[in-house]
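Listed here are the chains, written in short residue letters.
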Amino acid sequence: MKCYKCNSQLDNNSDYCLKCGADVSVYRIVVKASNTYYNQGLEKAKVRDLTGAVESLRTSLSINKDNIKARNLLGLVYFEMGEVVMALSEWVVSKNLKPDRNVAEVYIKKVQDNPNKLELMNQAIKRFNISLRYAKEGAVDMAVIQLKKVVTMNPKLVKAGLLLGLLLWKDGQTDRARKCFQRVLKTDRNNTLALRYLSELDGSLMKEDGDTEAVFKKKKKVQQPSVTGHDVIIPPNSYKEPSNGIFTVLSILLGVVLGAALVWFLILPSKISSLNYDNKQIVLDYSEQLAANSVDVANLKSQIESLTKERDNLSKQLAGYTGENGESNMYSLLIDAADAYVSYDFAQALILLQKIDVALLPTQTAKNVYNTMSDACSGGADRFYAQGTKAYLERDYISAASYFEAALIYDETNDEAAYYLGLCTQENDDAQAAIAYYEEFLTKFPQTAFAADVNARIAALRATLPQETTAAETQQNENESETQAETTDGGEPQGEPQTDGNTQE
Amino acid sequence: MIDFDEEIKKFQPSQEVDEAEDAIYGNNTIDVTDIIDKIITKTVESK
């Protein structure tokens, strides 16, 4: 407790202020009395006896204006009764008396933070004032219309409910009037006017205890009121603020699940079917392309086969012309044979003629030439042997060699022809070649009668061969030195032409 | 019985928000403490 003069903290054991010395004994009693009335008002407010709470709290404040709790509670009670301005007035005064740590500031802020509701309550008060004026002027119907709106806008405005009930009662609408009074008693349980009007409405005065029972009984009776044509049924506002966000989250999740299910069962199948259709179309297109390509491949294969056959035929034809058995080759062989025949190389001609297929010669002239040469070269080995012998005796060793070679072609076992061919070789070629031929002769004909003679000839040729070689090399060296000397002198070489080694003997 | 006219006369208009300023300034702030203080003061002055 603080001093009412200097606002200093008082000592509980002293009747005087320790700071300013003021007599606070009576002040203590006053404060206690104020608190007592505040407690009464609090108890009444708890049981919604708003009228009684207002009286107690006003008494408390009239005793001690600094009773902040009583003033704040009074403001709350006024606000509950619909008297917004009176409530704000008490809270503002309370805040001015105690600026710090005052719950009145919270109440004021809540009202200011909800301007829509404040405006609604203000409009309700204005309409109530208008309807009161109508009622005082005698325009009951107008007043009733306005009051109905007021009750809708602010159901807790006690004065409006009482006035409406009174006017309805005056108009003879006792049931609706009773409803109005009962609605007032819901807000202000022990509202004197409402209780009185109800008792008058029922037509009898009730005691204190009986009043309560009668009120309860009447309440039980009116729980099933009769509805007349004049009744205006106001649907209760069933909107409730959600207690927490769990229901919101669950609702959202449920919506998501339903949306997903709708998509899965309605949208997805159509999408899948359209995709399948597109894929099928693509597959069909590729199949058509594949079929077309297959046809092209088949056509190309047949073309390849026909071209291959044609190529083979042409190759054959070409081979017929250019191959070993071709016409051009036959012509070539024929010409070569003719050339050998003209050169008296009958062996070579015979060999070439044997390679020619007369059936492949294209022209008759070629065939005639072939036949002529063939006839000339025919006769077998004996004929060529005889001609060779004749040419040998005439010392025409070259022709004789040809004849003997031709004879050997006909008869490879004719050792006489081979022997005389060796003699011709010895006469035509050098000793080295003759020795080689004789050795080959001995290899082919080891049992021949001419073997001894051939061996003797080989020995004789070999005997002459080294001397001939040394002399030939010496002569060649002398010629080279003379040539070099003449060259340094600027003259022309004058060496004698070199002959074979036989001249050295 | 209830006299409606008399009952209606008992109803007073409520203050609107526009009248809040006047209501705040007109709030009676005199209490018993002030009265006692005045009584004591007068008593002391009279002595």
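Keep in mind the model is a prediction, meaning the values are calculated, not measured.

Examining the packing of helix α1 (residues 25-46) of chain A against helix α3 (residues 68-80) of chain A
Residues and elements named next belong to chain A. Running from amino to carboxyl end, α1 crosses α3 at an angle of 30°, the nearest separation of the two axes being 10 Å. When the axes of α1 and α3 are compared, the pair comes out roughly parallel. α3 is crossed by α1, and the crossing has left-handed handedness. Of the residues in α3, those in contact with Tyr 38, Gly 41, Leu 42 and Ala 45 of α1 are Lys 69, Ala 70, Leu 73 and Val 77. Of the residues that constitute the contact of α1 with α3, the class distribution is 6 nonpolar, 1 polar and 1 charged.

What to know about the interface of chain A and chain B
Tallying the contact residues gives 39 residues for chain A and 28 residues for chain B. When chain A packs against chain B, close to 3000 Å² is buried across both sides, 64% of that on carbon and sulfur atoms. Broken down residue by residue, the surface that chain A buries against chain B is led by A:Lys65, A:Val85 and A:Leu166, which jointly contribute 18%. Connecting chain A to chain B are 2 salt bridges. Between A:Arg196 and B:Glu7 there is a salt bridge whose closest N-O contact spans 2.8 Å. Our enumeration of links across chain A and chain B arrives at 14 residue pairs in polar contact (both at pLDDT 80 or more). Going through the elements one at a time, α1, α2 (50-63), α4 (84-97), α6 (115-137), α8 (158-170) and α10 (192-202) of chain A are the ones with two or more residues in the side of chain A that touches chain B. Looking at the side of chain A that touches chain B, the element that brings in the most residues is α6(A), giving 9 residues.

Observations concerning helix α3 (residues 32-46) of chain B
Compared with an ideal rise of 1.5 Å per residue, which puts 15 residues at 21 Å, α3(B) spans 21 Å between its outermost C-alpha atoms and is within 8% of the ideal. Between a side-chain oxygen at the N-terminus of α3(B) and the backbone nitrogen of B:Asp34 the separation is 3.1 Å; the capping residue is B:Asp31.

Comments concerning the side chain of A:Asn154
In this structure, A:Asn154 sits in the loop between α7 (140-153) and α8. In this structure A:Asn154 touches A:Gly82, A:Met121 and A:Ala124, once residues within four positions along its chain are discounted.

Remarks on the pattern of salt bridges
All names here are of chain A. Within the structure shown, the criterion is met by 15 salt bridges over all chains. Here Glu 90 ties to Arg 71 by a salt bridge, and the two come within 3.0 Å at their closest N and O atoms. In this pair, Glu 90 is assigned in helix α4 and Arg 71 in helix α3, connecting sequence segments 19 residues apart. For the pair formed by Glu 90 and Arg 71, the shared burial category is buried. Linked through salt bridges whose partners overlap, the residues forming this network are Arg 48, Glu 80 and Lys 156.

Some points on the nonpolar core
Core analysis: the largest hydrophobic core is formed by 55 residues, its most contacted members being A:Leu167 and A:Trp169. Looking at this core, the element that brings in the most residues is α8(A), giving 9 residues. In terms of domain composition, this core takes at least three residues from each of domain 1 (25-113) and domain 2 (148-221) of chain A. Aside from chain neighbours lying at most four places away, what touches A:Trp169 is A:Thr174, A:Ala177, A:Phe181, A:Tyr197, A:Glu200, A:Leu201, B:Ile2 and B:Phe4. Counting residues in each nonpolar core, the second largest holds 33 residues, with A:Tyr403, A:Leu421, A:Cys424 and A:Ala451 among its members.

Reading the values: the criteria
Residues numbered from 1 in each chain as written. Chains lettered and ligands numbered in written order. Predicted model: local features only at pLDDT ≥ 70, side-chain atom pairs only at ≥ 80, totals over all residues. Heavy atoms only, no water. Axes fitted to C-alpha atoms, helices over the stretch in contact; angles between N-to-C directions. Helix = DSSP H or I, 4+ residues; strand = E, 2+ residues; numbered from the N terminus. Parallel < 35°, antiparallel > 145°, perpendicular 65-115°, else oblique. Left-handed = near helix turned anticlockwise from the far one by under 90°. Contact = heavy atoms within 4.5 Å. Nonpolar A, V, L, I, M, F, W, Y, C, P; charged D, E, K, R; others polar. Buried area = accessible area lost by both parts, 1.4 Å probe. Salt bridge = Lys/Arg side-chain N within 4 Å of Asp/Glu carboxyl O. Polar contact = N/O pair within 3.5 Å; in protein donor to acceptor, adjacent residues only side chain to side chain. Expected span 1.5 Å × (residues − 1). Buried < 20%, exposed > 50% of the residue type's maximum accessible area, 1.4 Å probe, protein only. Core = buried A, V, L, I, M, F, W, Y, C linked by side-chain atoms within 4.5 Å. Domains from an automatic or database assignment.

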